[in-house]
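One-letter residues, chain by chain:
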Amino acid sequence: MTQYNPKNIEETLKRMEKADELKSIHRSGTNIMSFFDDNDQEHELQKQQSAAEVKKDEYLKSVELLKKLIQEGGTKSDLTRILAVGLIIETTDFLNIPPDVKKTLKENMIWCNKQYEKYVDTTK
């Protein structure tokens, strides 16, 4: 018959405690598929950020072109407004654009299109 050894009991208790700790770990976050899910989400976010930056750059180029046309033959109030529109575009986060800013931006871009047509027609 084996003799009672308190050291064996302590080791057994430690193993049991460790097993309880391991059971409490949330396993779904540790599997390999979660890595791919996170990677896909990050890739999608990067695509959205790139698209937002492209749109922002397009708007800024349009505003810059209109600004040059207005400087050549426009009014001071038109120039002030186009500078304000450019500032709105530069400071807007196109990825997380609030509805009120989106509405303001849309109204201003419509105004820009009308001004562009007006100034292009007068320079011909």
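Residues numbered from 1 in each chain as written. Predicted model: local features only at pLDDT ≥ 70, side-chain atom pairs only at ≥ 80, totals over all residues. Heavy atoms only, no water.

Asks: Break down the overall build of the chain for me, with residues and values.
Replies: Per the secondary structure count, the chain includes 4 helices and 0 strands. Its helices and strands in sequence order give the chain the pattern α-α-α-α, from N to C terminus. The contacts in the chain between residues at least 6 apart in sequence include a share of 66% that link residues at least 24 apart. Accessible surface computed for the chain: about 10200 Å², of which carbon and sulfur atoms make up 55%. (Helix = DSSP H or I, 4+ residues; strand = E, 2+ residues; numbered from the N terminus. Contact = heavy atoms within 4.5 Å. Areas by Shrake-Rupley, 256 points an atom, 1.4 Å probe, with all protein chains shown as cover.)

Asks: Please give an account of the nonpolar core that cites residues and values.
Replies: If you look at the biggest cluster of nonpolar residues, it comprises 14 residues, and the most contacted ones within it are Leu66, Ile82, Val85, Ile89, Met109 and Cys112. Secondary structure elements with two or more residues in this core: helix 2 (32–73), helix 3 (76–91) and helix 4 (99–123). Those residues within four positions of Ile89 in sequence are excluded, and the remaining contacts are Lys56, Tyr59, Leu60, Val63, Phe94, Leu105 and Met109. (Core = buried A, V, L, I, M, F, W, Y, C linked by side-chain atoms within 4.5 Å. Buried < 20%, exposed > 50% of the residue type's maximum accessible area, 1.4 Å probe, protein only.)

Asks: Describe a nonpolar patch on the surface, listing the residues and the values that go with them.
Replies: There is a patch of nonpolar side chains on the surface, built from Ile9, Leu13 and Met16 and spanning about 280 Å² of accessible area. Inspection of the secondary structure assignment puts Leu13 in helix 1 (residues 6–23). (Patch = residues over 30% accessible without salt bridge, like charges linked within 9 Å, V, L, I, M, F, W, Y side chains within 5 Å. Salt bridge = Lys/Arg side-chain N within 4 Å of Asp/Glu carboxyl O.)

Asks: Describe the layout of surface pockets, listing the residues and the values that go with them.
Replies: When its volume is computed, the largest pocket comes out at roughly 230 Å³. Lining the largest pocket are Ala51, Ala52, Lys55, Tyr59, Phe94, Ile97, Lys102, Leu105, Lys106 and Met109. Mapped by element, the contributors of at least two residues to the lining of the largest pocket are helix 2 and helix 4. Residues that form the lining of the largest pocket fall into these classes: 7 nonpolar, no polar and 3 charged. (1 Å grid on protein atoms, 1.4 Å probe; cavity = no way out; pocket = protein on both sides within 12 Å on 5 of 7 lines; lining within 4 Å. Points joined across faces, edges and corners; volume = space filled by probe spheres on them. Nonpolar A, V, L, I, M, F, W, Y, C, P; charged D, E, K, R; others polar.)

Asks: So, the pattern of salt bridges: which residues are in play, and what are the values?
Replies: Taken as a whole, this structure holds 3 salt bridges when the rule is applied. A salt bridge links Lys47 to Glu44, with the nearest nitrogen and oxygen atoms 3.6 Å apart. Taken together, the residues Lys47 and Glu44, both in helix 2 and 3 residues apart, mark about one turn of the helix. Note that Lys67 and Glu64 form a salt bridge whose closest N and O atoms lie 3.8 Å from each other. Of this pair, Lys67 and Glu64 both sit in helix 2, 3 residues apart, which is roughly one turn of that helix.

Asks: Explain a negative patch on the surface to me, and be specific about the residues and the numbers.
Replies: Taken together, the side chains of Glu53, Asp57, Glu58 and Asp93 define an acidic patch exposed on the protein surface. In this structure, Glu53 sits in helix 2. (Lys, Arg positive; Asp, Glu negative; His and termini not counted. Charge placed at Lys NZ, Arg CZ, Asp CG, Glu CD.)

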